[in-house]
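# Summary of the model geometry
Residue strings, one per chain:
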Amino acid sequence: MYVLRRKITTLKCNFTRTILHLQVSNQPPLFAQQVCAQPRYLSEGKPINFPAPDTRTVNKKITHLIRTSRLEDAKTLFDGINHKNTVTWNSMLSGYVQQREMAKARKLFDEMPKRDVVSWNLIISGYISCQGNRYIEVARYLFDQMPKRDFISWNTMISGYTRKGRMDEAMSLFNSMPARNVVSWNAMISGFLQNGDVKSAIEFFDKMPDRDGASLSALVSGLIQNRELDAAARFLLESRQKGDDRLDLVHAYNTLIAGYGQSGRLDDARHLFDQIPFYSGCVRDNEVRFRRNVVSWNTMLMCYVKAGDIISARELFDQMMERDTFSWNTLISGYIHTSDMQEASNLFCRMPNPDTLSWNTMISGFAQMGNLELARDFFSRMPQRNRVSWNSMIAGYEKNQDYKGAIELFIQMQLEGEKPDRHTLSSLMGVCAEFVALNLGMQIHQQVTKIVTPDVPLNNSLITMYSRCGAIIEARSIFDEMKLRKDVISWNAMMGGYASHGFASEALELFKSMKKLMVRPTYITFISVLNACAHAGLVEEGQMHFKSMVSEFCIEPRVEHFASLVDVVGRHGQVEDAMDLIDSMPFEPDKAVWGALLGACRVHNNVRLARVAAEALMRLEPESSAPHVLLYNMYADLGQWDNATEIRMLMERNNITKEPAYSRVDSNSLDA
């Protein structure tokens, strides 16, 4: 990609130190060192016989290391054990499978001196969890080689086929089973529903010899996904009328309530919620199985919040006899979405035990409202931060254009040992783009290549950053490397970069390629296209693209498009036509439109229309000196000193002073 040619800056040193700090030590854990140590000797030459830890303890230690994402430490401990049993091998195998490191998992599996059915099931489930048909073929080969299979073996293989949409093979395997359990039936029902075959799913459900709560919930959930909410309600009603105590009806009811909420059917959601019995006293679960639980309340609460009905949400919240952290967080986020930070703060203060999500929600809320001081106060008072906390605060700085604050917080994040992710880096790309900090952006790009595999949104951020900073070659390099993984944002970012830096022909050529590849343009695309036409003086082509935007792509022109078209026409000297275009606009022109006209009048010495544009800008931005100064200069150039004096006196009367010019320089890019 792009080779850095400048000296490493202080910030880069901080990054490097942090990366070193974040790296997992190659030194094995203390327990592994004890297991692997060579025999030690007393002064008289007799060896010390340390008691060997029992295999069960070692297996627990390996499992703990895997659960805490310390896979390399687990492998070091595993390699140091002389007497491994099958559980030891399976524990290590499960670690590789969970991390999708299938090459290492298969190598370990092949090295196993003895395998049990768990070993086979682990390696098969690992292959099935991978993307691509070739992996399921490997899983099937291993399945066929198994000396002995259990229910898990069969059900795992069936689920693998259903997730890939290969229902014929799943059905064949199901029919071949020597015995089936309820999980086998559930897997087939879920498979049919995942692949849109509602009829077969219902037929299978009706044929089931035995059902559990998961059966009904799977059917209801699948019907909701297929937008068959009324059918799901019908099954719930039938199941309740049958009074089957084996079915966990409340879970299925909660699922359908959520489905109604997602579809905007709030009245149906509330009607279903009210059908679930509610007991205010202390009732044991085994006495009344079908009754409202806290999940029922939370689901209905979430429906109201998502619909923006904060009043109904608060009424329901106040009726709750039992609340958990999710209840509080849901209502707090509801108030934040309605921009009521005061009530969100009141709830937060009343909350018994705010968790990290609660704190992060408040930070994001204050940042969205532009109150960075309170957002930072909450961030500083957090008992425990996670990566989301840092990302929320950095994104808040970016959104509110406090780019220095975002960079300083990122440095602090690195120094405190918190590893950035793609969200952190994406925010920082936005900072670099707006701050036009190419040197810093290149350093962040290095972090991207080291920490994550860039996805489409992250690559789009990189293209935007390099384009805004004027590094068009680097932007195009990333754009080309994306190959067929580009989306319309990728095309818009690259075209916008070309257009804003005067590479009109490149931008228009890219637009032609975009249309050839059947990528549908957006309103942003046409802003770049019209800007490119303005730079190149292509009046007729600009007008043609403006018309095609409406007629061919059914995109309603926005004020930005009119501003660009006024620029296209006005730059070419057709100032009167530009004014006619403004008069024909279906909405009020903004400062960009009048600014484009004023600029054109300045170039082509049309004082009459320049005054019209300048006066419009003065009304829109009465404190801005730009239209006053530009109009004064026009009068002075033409020797119209009376008019020039009038403008100067107007500025003095309104206390308008000329804003000093400035240039932004990336100090890190200067040679010593």
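Residues numbered from 1 in each chain as written. Predicted model: local features only at pLDDT ≥ 70, side-chain atom pairs only at ≥ 80, totals over all residues. Heavy atoms only, no water.

## Re the pattern of salt bridges
Pairs can form between side chains of opposite charge once their charged atoms are near each other. This model, assessed by the stated rule, comprises 28 salt bridges. Its salt-bridge partner being glutamate 72, residue lysine 104 comes within 3.9 Å of it at the nearest N-O pair. Taken as a pair, lysine 104 in helix 6 (residues 102-111) and glutamate 72 in helix 4 (residues 71-79) lie far apart in primary sequence, 32 residues in all. Take glutamate 72: its relative accessible area is 46%, and that puts it in the partly exposed class. With its nearest N and O atoms 2.7 Å apart, the salt bridge here joins arginine 166 to glutamate 169. (Salt bridge = Lys/Arg side-chain N within 4 Å of Asp/Glu carboxyl O. Helix = DSSP H or I, 4+ residues; strand = E, 2+ residues; numbered from the N terminus. Buried < 20%, exposed > 50% of the residue type's maximum accessible area, 1.4 Å probe, protein only.)

## So, the packing of helix 32 (residues 539-551) against helix 33 (residues 559-571)
Between helix 32 and helix 33, the least distance of the axes is 9 Å, while the angle of their chain directions is 160°. Classified by the interaxial angle, the pair formed by helix 32 and helix 33 is roughly antiparallel. In the crossing of helix 32 with helix 33, the sense of the turn from one axis to the other is left-handed. Counted together, Val539, Gly542, Gln543, Phe546 and Met549 of helix 32 and His561, Phe562, Leu565, Val568 and Val569 of helix 33 form the full contact between these two elements. Of the residues assigned to the contact of helix 32 with helix 33, the class counts are 7 nonpolar, 3 polar and no charged. (Axes fitted to C-alpha atoms, helices over the stretch in contact; angles between N-to-C directions. Parallel < 35°, antiparallel > 145°, perpendicular 65-115°, else oblique. Left-handed = near helix turned anticlockwise from the far one by under 90°. Contact = heavy atoms within 4.5 Å. Nonpolar A, V, L, I, M, F, W, Y, C, P; charged D, E, K, R; others polar.)

## Description of the packing of helix 33 against helix 35 (residues 591-604)
Helix-helix packing is described using two parameters, namely the angle between the two axes and the distance between the axes. Packing of helix 33 against helix 35 leaves a shortest axis separation of 8 Å and a crossing angle of 5°. With respect to helix 35, the element helix 33 is oriented roughly parallel. Residue-level inspection shows Val559, Ala563, Val566, Asp567, Gly570 and Arg571 of helix 33 in contact with helix 35, the latter providing Ala592, Val593, Ala596, Leu597, Ala600 and His604. Within the contact of helix 33 with helix 35, the residues separate by chemical class into 8 nonpolar, 2 polar and 2 charged.

## Digging into the confidence of the model for the protein chain
Averaged over every residue, the pLDDT of the protein chain is 85; residues scoring 70 or more account for 88%. Under a pLDDT of 50 for its full length, residues 1-52 has, in the predicted model, 66 contacts with residues more than four places off or in other chains. Per-residue pLDDT stays below 50 along residues 667-672; that stretch engages in 5 contacts with residues further than four places along the chain or on separate chains. (pLDDT = per-residue confidence, 0-100.)

## A few points about the packing of aromatic side chains
Within the structure shown, the criterion is met by 22 aromatic pairs. Ring centres of phenylalanine 273 and tryptophan 297 lie 5.2 Å apart, and the angle between their planes is 80°; this geometry places the pair in the edge-to-face category. In this pair, phenylalanine 273 sits in helix 16 (residues 266-275) while tryptophan 297 sits in helix 17 (residues 294-306), placing the two residues 24 residues apart along the sequence. We note that phenylalanine 273, like tryptophan 297, is buried. Aromatic side chains phenylalanine 479 and tryptophan 491 sit 5.2 Å apart centroid to centroid with 85° between the ring planes, which places their arrangement in the edge-to-face category. Remark: tryptophan 491 occurs in helix 29 (residues 488-500) and phenylalanine 479 occurs in helix 28 (residues 472-481); sequence separation between them is 12 residues. The residues phenylalanine 479 and tryptophan 491 share a single accessibility class, namely buried. Connected via pairs of aromatic rings, a cluster forms that spans Phe174, Trp185, Phe192 and Phe204. Directly above the aromatic system of phenylalanine 174 lies the positively charged group of arginine 180, at a separation of 4.4 Å from the ring centroid. Sitting above the plane of the phenylalanine 378 ring, arginine 381 keeps its charged end 4.8 Å from the centroid. (Phe/Tyr/Trp six-rings, centres within 6.5 Å; stacked < 30°, edge-to-face > 60°. Lys NZ or Arg CZ within 6 Å of the ring centre and 35° of its normal.)

## Some remarks on helix 13 (residues 213-225)
Between its first and last C-alpha atoms helix 13 spans 18 Å; for 13 residues at 1.5 Å apiece the expected length is 18 Å, and the two agree. Summarising burial for helix 13: 10 of the 13 residues are buried, a large majority. All buried positions along helix 13 are accounted for by Gly213, Ser215, Leu216, Ser217, Ala218, Leu219, Val220, Gly222, Leu223 and Ile224. Residues of helix 13 that are buried in the fold lie against helix 11 (182-194), helix 12 (198-207), helix 14 (229-242) and helix 15 (249-262). Remark: arginine 227 follows helix 13 within two positions and exhibits a positive phi of approximately 60°. (Expected span 1.5 Å × (residues − 1).)

## Details of unusual backbone geometry
Phi is positive for arginine 100, which is not a glycine, with a value near 60°. The backbone of methionine 518 shows a phi angle near 65°, a positive value even though the residue is not glycine. If you trace the backbone, methionine 518 turns up in the loop between helix 30 (504-516) and helix 31 (523-536). Here methionine 518 falls in the exposed class, since its relative accessible area comes to 72%.

## Section: the side chain of aspartate 567
Following the sequence through the fold, aspartate 567 ends up in helix 33. For aspartate 567, a relative accessible area of 18% translates into the label buried. Non-local contacts of aspartate 567, meaning those with residues more than four positions away in its chain, are made with Ala534 and Ala596.

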